[in-house]
Amino acid sequence: MTNRVLEISNLEKSYGDHKVLKGVSLAMDKGDVISVIGSSGSGKTTLLRCVNLLEDFQEGVIKIDGKEIGYEDVKGKRTKVSAKQVTKDRALTGMVFQSFNLFPHLSAAENITLALKKVQKKSKEESAEIAQHWLERVGLPDRGTSFPGQLSGGQQQRVAIARALAMNPKLMLFDEVTSALDPELINEVLDVIKSVAADGMTMLIVTHEMRFAYEVSNQVIFMNDGLIAEQGTPDAIFKNASSDRLNAFLKNTKF
Amino acid sequence: MSTGFFNELWLSKFMIFRGIYTCLFVSFSSIVIGTFIGMFVGLALTYGNRFTRFLARAYTDIIRGIPVLVLILTFYFVLSVIGINLSALQAGITSLAIFCSAHISEMLRGGLQNVPKGQIEAAKAVGLSFFQTFIFVSLPQALRQILPTWINTAVEIVKGSTLVSLIGVIEITLVMQQIIGRNFLTMQFYALAGLIYFLIGFSIERTGKYVEKKVAIK
C-alpha cells in the first residue's frame, strides 16, 4: 500500500448529458507503466485530464500517494478544493500534451526553469542546472537557448517532456504525445519515454503506438465506451486478446 | 515670400516648440493613463464574472461609439455643470485617455483570448497559479500580438490631440492658427503643422516596428 502512487476509484465524468467516463477504477504502484489504448471517444484522454485536474469530474475519487486530489469531504458533502489546492495537487503529476504546448516566447531552457523558479521557488542558478540536466537527459544538451519555433516537432516534444520531468512529479501523464509528429520524428520521442520508464518513473500513457505500448508497459488497458474493457499484461492484451471488441480494435490498428 | 516664411518661422519658434511640447505631453499622458485603465477594463472583459464583464463591456462599447470631440466637449463643458471644473488641459487629457482605454481594453481582450488554450493548460500542468499563468504565459504572448494595434492607437491619439485645440489647449494646431492670424501665411504654416504631425507619427511607428522586431517570437 505504501507504494501505491495512483488510485482511481469509480471515476465518472460527463459533459452535459454525455457520459464520457462511466466508472473507471485503476491502481498504479511506483514504477508501473500503464498504457491506455482504445478508439477515439473511448475516454482515454479525458481519464488523463481528470488525473491532472484539467477536467472536473462528477463521481469517484482520485488519490495520489494516498491523498485524495481535486475534491474533499466537507461535512459529508463532496466539495471542490480551493484553486490554490488544485494548483498544488496538479503539481504532483507531470503532463505532456499532444501538441507540445511549449511557451513560444521562452527558450527551451526558460520553458523548463519558469515553473522551477515560480512554483518551486528555486534559485536562478539551481533552476538552470536542473534544466540543463533534463535537456541532456532528453538528448538536447546544446538546445537550451533555442526557441520552440527553431526546434523540430520531435525536439519540441522532448523539451516538453523535460519540462514536466524537471518538476519531479510522482506520476507522468502522456497524452498521445506522438500523434502530432511526422512519422520520422516519432521514435526519438518514444525512445526518450522508454528511457525514462527504465529509470523507474511511474507513467500513464495514452497512445496509438501499439508496438510502443507493447514494449514500454507492464500493464495495458483497453478502454471502450467510457469503461476499462480489458486490462492485462502486454502479452495478454496484444497476443491473446479474448474479447471481440478488443480484437476488432486491434485488427484496425497497426502494430 | 520664402524669406518672409523663414523670418516668421524664426520669430515664432518658441511658440511652435511649446505647441509641440503640449501636443506630446497631452498625447503621452493620454496613452499612458489610457493604457493603464484599459488594462484593467480588458482584464475585467476577459476574466471578470458576469457583472464586471457587463460593466466593462458597456464602458468599452459606449466610449468607442462616441466621437472623441464629443468626449472632449463633454469633459470640458458638461462636467462643470455638475461642479467638476477641469482645466482645458485636464479635460483634454482625461477624454483622450478614456477614449484610448476603451480601445486598449478591447485589444487586450482579443489578445488574451487568442492565446491558445493549450498554453494555459501547459502552464497549469507545471503548477503555475492563475496569476502566474497570466503574468508569465498569457500576457507576454498577448502583448506581442497587440503591439502593432497599440502603436496604431498611439498614433491615433497624437492625431486626436489636435481636437483639444477646440477647448483652448495651445498645442500645435492652435499655435499655427495663432501664427497664421498674425502673418496670414496660411499654406506654409498648416503645411508645417502637417509635417510635424507626420514626423511624430512616423517616429512612433518606426520605433514600434523596431520594438516589434526586437521582441518577435522566434
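Every value quoted in this text rests on a predicted model; they were computed, and no experiment measured them. (Residues numbered from 1 in each chain as written. Chains lettered and ligands numbered in written order. Predicted model: local features only at pLDDT ≥ 70, side-chain atom pairs only at ≥ 80, totals over all residues. Heavy atoms only, no water.)

Considering the overall build of chain B
Within chain B one finds nine helices and zero strands. Across the 218 residues of chain B, 46% fall into the buried class. Nonlocal contacts in chain B, meaning residues at least 24 apart in sequence, comprise 76% of its contacts between residues at least 6 apart. Carbon and sulfur atoms make up 71% of the accessible area of chain B, which totals about 11,500 Å². Where the 17 positive side-chain charges of chain B centre and where its 8 negative ones centre are 7 Å apart. (Helix = DSSP H or I, 4+ residues; strand = E, 2+ residues; numbered from the N terminus. Buried < 20%, exposed > 50% of the residue type's maximum accessible area, 1.4 Å probe, protein only. Contact = heavy atoms within 4.5 Å. Areas by Shrake-Rupley, 256 points an atom, 1.4 Å probe, with all protein chains shown as cover. Lys, Arg positive; Asp, Glu negative; His and termini not counted. Charge placed at Lys NZ, Arg CZ, Asp CG, Glu CD.)

Thoughts on the domain arrangement of chain A
Residues and elements named next belong to chain A. By domain assignment, chain A separates into domain 1 (1-91 + 170-254) and domain 2 (98-167). The C-alpha centroid of domain 2 is placed 24 Å from the C-alpha centroid of domain 1. The junction of domain 1 with domain 2 conceals about 1,300 Å² of combined surface from both sides, 67% of it contributed by carbon and sulfur atoms. Three residues, Met172, Glu188 and Val192, lead the burial of domain 1 against domain 2; their summed loss comes to 31% of the area buried on that side. Put simply, domain 1 and domain 2 have two salt bridges between them. For glutamate 188, the salt bridge is made with arginine 158, and the minimal N-O distance between the two is 2.4 Å. (Domains from an automatic or database assignment. Buried area = accessible area lost by both parts, 1.4 Å probe. Salt bridge = Lys/Arg side-chain N within 4 Å of Asp/Glu carboxyl O.)

Observations concerning the environment of tyrosine 190 of chain B
All names here are of chain B. Looking at where tyrosine 190 falls in the secondary structure, it is placed in helix 9 (residues 186-215). Under the relative-accessibility criterion, tyrosine 190 is labelled partly exposed at 39%. Between the C-alpha atom of tyrosine 190 and that of glutamine 177, which follows or precedes it by 13 residues, the distance is 8.2 Å. Once residues within four sequence positions are removed from consideration, tyrosine 190 is found in contact with Gln177 and Ile180.

Description of the environment of serine 217 of chain A
Residue and element names in this part refer to chain A. Along the polypeptide, serine 217 turns up in the loop between helix 7 (210-216) and strand 11 (219-224). C-alpha of serine 217 to C-alpha of valine 206: the two residues are 11 residues apart in sequence and 11 Å apart in space. Each residue touching serine 217, except ones within four places of it in the same chain, is listed here: Val33, Ile34, Ser35 and Pro234. Polar contacts involving the side chain of serine 217 include one to the side chain of serine 35, which spans 2.7 Å. (Polar contact = N/O pair within 3.5 Å; in protein donor to acceptor, adjacent residues only side chain to side chain.)

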